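Below, each chain spelled out in residue letters.
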Amino acid sequence: MSVLPLVFTSGWASGINAYAVVLLFGIFGATGLTDEVPESLQRTDVLVTAGVLFLCEAVADKIPYVDSAWDTAHTVIRPVAGAVVAALLAGESGSLPELAAGAVGGSTALMSHLVKAGTRMAVNTSPEPFSNVGVSLAEDLGVAGVITFAVFNPVAAAVVAGVLLLLGLLTLVFLASRIRRFLRRRAQRGEERRLAGAGRHWPHE
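Colleague: How should I be thinking about a positive patch on the surface in this particular structure?
Modeller: Among the surface-exposed residues, R178, R180, R181, R184 and R185 lie close enough to one another that they form a single positively charged patch. Tracing the sequence through the fold places R178 in helix α8 (residues 176–201). Taking relative accessible area as the criterion, R178 reaches 36% and is therefore assigned partly exposed.

Colleague: Would you explain a nonpolar patch on the surface in this entry?
Modeller: A contiguous nonpolar patch, built from F149, V155, V159, V160, V163, L164, L166, L167 and L170 and spanning about 780 Å² of accessible area, is present on the exposed surface. Residue placement: F149 occurs in helix α6 (residues 130–152). For F149, a relative accessible area of 37% gives the class partly exposed.

Colleague: Would you mind showing me how to read the layout of surface pockets here?
Modeller: It is a probe the size of a water molecule, rolled over the atoms, that shows where empty space is left. Of the volumes computed, that of the largest pocket is approximately 360 Å³. Lining the largest pocket are 16 residues, with W12, I16, V115, E139 and L164 positioned closest to its centre. The set of elements that each furnish at least two residues to the lining of the largest pocket consists of α1 (4–30), α5 (96–123), α6 and α7 (154–174). Class assignment of the residues belonging to the lining of the largest pocket gives a composition of nine nonpolar, five polar and two charged.

Colleague: How do you make sense of the side chain of N132 when you look at a structure like this?
Modeller: Within the fold, N132 resides in helix α6. The contacts of N132, once residues within four sequence positions are left out, are D61, K62, P64, D67, R120, V123 and N124.

Colleague: Explanation requested: the side chain of H74 in the structure shown.
Modeller: By the element assignment, H74 lies in the loop between α3 (66–73) and α4 (77–90). Only 2.8 Å separates the side chain of H74 from the backbone oxygen of W70, close enough to count as a polar contact. If we ignore the near neighbours within four places in the chain, the residues touching H74 are Y19, E57, P79 and H113.

Colleague: Looking at this structure, I do not really get the pattern of salt bridges. What am I missing?
Modeller: Pairing is possible between side chains that carry opposite charge, provided their charged atoms lie close to one another. Overall, the coordinates contain 10 salt bridges when judged by the stated rule. Measuring nitrogen to oxygen at the nearest pair gives 3.1 Å for the salt bridge that ties D61 to R120. Within this pair, whereas D61 is found in the loop between α2 (44–60) and α3, its partner R120 is found in helix α5, the two being separated by 59 residues in sequence. The pair D61 / R120 is uniform in exposure class, with both members buried. D140 is the salt-bridge partner of K62, the closest N and O atoms lying 3.3 Å from each other. Residue K62 is found in the loop between α2 and α3, and its partner D140 is found in helix α6; the two are separated by 78 residues along the sequence. Judged on exposure class, the residue K62 and its partner D140 are both buried. Here the salt bridges share partners, and the residues they tie into one network are E57, D61, D67, D71, R78, K116, R120 and E139.

Colleague: Explanation requested: unusual backbone geometry in the structure shown.
Modeller: What you tend to see is this: most non-glycine residues have negative phi, and most peptide bonds are trans. The residue Y65 is not glycine, and still its phi comes out positive at about 75°. Mapped onto the secondary structure, Y65 falls in the loop between α2 and α3. Exposure remark for Y65: the relative accessible area of 31% places this residue in the partly exposed category.

Colleague: What is the right way to look at the packing of α1 against α6 in this model?
Modeller: Relative orientation of the contacting elements α1 and α6 amounts to 80°, with a least axis distance of 9 Å. The angle between α1 and α6 falls in the class roughly perpendicular. Along its contact with α1, which presents L6, T9, S10, W12, A13, I16, N17, A20, V21, L24, F25 and F28, the element α6 presents E139, D140, G142, V143, A144, V146, I147, T148, A150 and V151. Residue composition of the contact of α1 with α6, grouped by class: 15 nonpolar, five polar and two charged.

About the cut-offs
Residues numbered from 1 in each chain as written. Predicted model: local features only at pLDDT ≥ 70, side-chain atom pairs only at ≥ 80, totals over all residues. Heavy atoms only, no water. Patch = residues over 30% accessible without salt bridge, like charges linked within 9 Å, V, L, I, M, F, W, Y side chains within 5 Å. Areas by Shrake-Rupley, 256 points an atom, 1.4 Å probe, with all protein chains shown as cover. Salt bridge = Lys/Arg side-chain N within 4 Å of Asp/Glu carboxyl O. Lys, Arg positive; Asp, Glu negative; His and termini not counted. Charge placed at Lys NZ, Arg CZ, Asp CG, Glu CD. Helix = DSSP H or I, 4+ residues; strand = E, 2+ residues; numbered from the N terminus. Buried < 20%, exposed > 50% of the residue type's maximum accessible area, 1.4 Å probe, protein only. 1 Å grid on protein atoms, 1.4 Å probe; cavity = no way out; pocket = protein on both sides within 12 Å on 5 of 7 lines; lining within 4 Å. Points joined across faces, edges and corners; volume = space filled by probe spheres on them. Nonpolar A, V, L, I, M, F, W, Y, C, P; charged D, E, K, R; others polar. Contact = heavy atoms within 4.5 Å. Polar contact = N/O pair within 3.5 Å; in protein donor to acceptor, adjacent residues only side chain to side chain. Axes fitted to C-alpha atoms, helices over the stretch in contact; angles between N-to-C directions. Parallel < 35°, antiparallel > 145°, perpendicular 65-115°, else oblique.

Printed below as a string of structure tokens:
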């Protein structure tokens, strides 16, 4: 139970940027700022891989429509990463607490991922790219701030993460019409590309 606040917070953050979570925890553990981080997250190869993928996400996350494609590709990756990080934080391989922590981290990551993906769909209905950059920077700073806060005060950080998750879910309800508009546009573009492809391959008389 003592690690549950940290597990919940890491799950919320993983749903937004799983690579940043792994990178931050690894750095905090390797520098001795916390004893809660398992050695597997502090390995050099893990930190390098997480750093490279974080940079990839930092770029893709700020480009309209590319960000939504990236989110779609990470619909499985982020919840799985949230579950794995949570299980590692819980320790005691194969134990019931570890399995419970994995379930909490994975489900929380899935919810926050859906909030992020839905919000990006709504943002992509606007023609300018600056809102994407602003939202992406806010997400990155939010994850960094909450994870750092969690290392020193996990209970308070979990409260903050819970409030942000609730606000995100309420925002999805508010943005539902924009999300539907984005999905209609994407389906229309897919249909146009399909028809264009069929036209190019249609035999000429």
